[in-house]
Amino acid sequence: MINEEVNKKIHEIMGLCWHEVVETISEDELPECVKCNALFISDTDFNIDFCTSWEAFGILWEWWQKHDKFNDFLREASANRVGFIYWRIMVSPRSFAEATVEFFKKEVEDV
């Protein structure tokens with residue numbers, strides 16, 4: 001998966017809006033999401049980048065710690081990676097994001 005696909009999936013899993021912003025007509029208008037109507041001060045970075053941002057890594061980590069399947073996720077993420085060092089998941093935003101997507105993909109398949 002490319003970063004955008006992983007990020008969209010993480011937003012969906014976490015119940016966050018994947019902002020789609022229409023271009024503003026004038027400089028006085030703020031960019032606005034067509035799905036949730038959120039307004040943005042900046043013209044860029046409307047969505048959280050879970051694949052490259054350490055700040056986003058922290059957001060996802062804190063979200064997971066509150067999730068009732070956190071221990072299941074840790075067990076599965078480490079067991080499914082042959083030769084994969086368990087703690088690498090915890091020090092790579094991309095690996096952590098991908099492991100999250102893989103876990104919830106499997107959860108849906110198991111239902």
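Notes on the structure follow. From a predicted model like this one, the values you see are computed outputs, not experimental measurements. (Residues numbered from 1 in each chain as written. Predicted model: local features only at pLDDT ≥ 70, side-chain atom pairs only at ≥ 80, totals over all residues. Heavy atoms only, no water.)

## Considerations on the overall build of the protein chain
Here is step 1 of the chain: Tallying secondary structure elements over the protein chain gives four helices and two strands in all.
Here is step 2 of the chain: Mapped from its N terminus to its C terminus, the protein chain presents α and β elements in the order α-β-β-α-α-α.
Here is step 3 of the chain: By residue count, 34% of the 111 residues in the protein chain fall in the buried class.
Here is step 4 of the chain: Contacts in the protein chain between residues at least 24 apart in sequence constitute 54% of all its contacts with a sequence separation of at least 6. (Helix = DSSP H or I, 4+ residues; strand = E, 2+ residues; numbered from the N terminus. Buried < 20%, exposed > 50% of the residue type's maximum accessible area, 1.4 Å probe, protein only. Contact = heavy atoms within 4.5 Å.)

## A word on the pattern of salt bridges
Here is step 1 of the chain: Within the structure shown, the criterion is met by five salt bridges.
Here is step 2 of the chain: As a salt-bridge pair, Glu 4 and Lys 8 come within 3.6 Å of each other at their nearest N and O atoms. Placement of the pair is Glu 4 and Lys 8 together in helix α1 (residues 3–14), with a separation of four residues, close to one helical turn.
Here is step 3 of the chain: Between Lys 9 and Glu 12 there is a salt bridge whose closest N-O contact spans 3.3 Å. One end of the pair is Lys 9 and the other is Glu 12, both in helix α1 and three residues apart, which spans about a single turn. (Salt bridge = Lys/Arg side-chain N within 4 Å of Asp/Glu carboxyl O.)

## Thoughts on the side chain of His 19
Here is step 1 of the chain: Its place among the elements puts His 19 in the loop between α1 and β1 (21–22).
Here is step 2 of the chain: In this structure His 19 comes out as buried when scored by relative accessible area, which is 18%.
Here is step 3 of the chain: Among all residues touching His 19, those that are not within four sequence positions of it are Cys 33, Cys 36, Ala 38, Phe 40, Phe 46 and Asn 47.

## Quick word on α1
Here is step 1 of the chain: The first and last C-alpha atoms of α1 sit 16 Å apart over 12 residues, in line with the 16 Å expected at 1.5 Å per residue.
Here is step 2 of the chain: Within the span of α1, buried status applies to Val 6, Asn 7, Ile 10, His 11, Ile 13 and Met 14. Considered in projection along α1, the buried side chains sweep an arc of 165° and stay on one side of the axis.
Here is step 3 of the chain: Directly beyond the C-terminal end of α1, a positive phi value near 75° is found at Gly 15. (Expected span 1.5 Å × (residues − 1). Arc of directions from axis to C-beta.)

## Things to note about unusual backbone geometry
Here is step 1 of the chain: With a phi close to 65°, Asn 37 is a non-glycine residue in the positive phi region.
Here is step 2 of the chain: Within the secondary structure, Asn 37 sits in the loop between β2 (32–33) and α2 (54–66).

## Looking at a negative patch on the surface
Here is step 1 of the chain: A cluster of acidic residues, Glu 27, Asp 28, Glu 29 and Glu 32, forms a negative patch at the surface.
Here is step 2 of the chain: Summarising the element assignment, Glu 27 is placed in the loop between β1 and β2.
Here is step 3 of the chain: Residue Glu 27 is classed as exposed on the basis of its relative accessible area of 83%. (Patch = residues over 30% accessible without salt bridge, like charges linked within 9 Å, V, L, I, M, F, W, Y side chains within 5 Å. Areas by Shrake-Rupley, 256 points an atom, 1.4 Å probe, with all protein chains shown as cover. Lys, Arg positive; Asp, Glu negative; His and termini not counted. Charge placed at Lys NZ, Arg CZ, Asp CG, Glu CD.)

## A few points about the environment of Ala 56
Here is step 1 of the chain: Mapped onto the fold, Ala 56 is located in helix α2.
Here is step 2 of the chain: Accessibility expressed as a relative area gives 2% for Ala 56, which makes it buried.
Here is step 3 of the chain: It is 7.9 Å that separates the C-alpha atoms of Ala 56 and Pro 93, two residues lying 37 residues apart in sequence.

## Remarks on the packing of α1 against α2
Here is step 1 of the chain: Where α1 contacts α2, the axes come no closer than 12 Å and their chain directions differ by 35°. The two elements α1 and α2 cross, and the hand of that crossing is left-handed. Every residue of α2 that contacts α1 at Ile 10, Ile 13 and Met 14 is listed here: Ile 59, Leu 60 and Trp 63.
Here is step 2 of the chain: For the contact of α1 with α2, a count of residues per class yields six nonpolar, no polar and no charged. (Axes fitted to C-alpha atoms, helices over the stretch in contact; angles between N-to-C directions. Left-handed = near helix turned anticlockwise from the far one by under 90°. Nonpolar A, V, L, I, M, F, W, Y, C, P; charged D, E, K, R; others polar.)

All we've got here are geometric facts, nothing functional implied.
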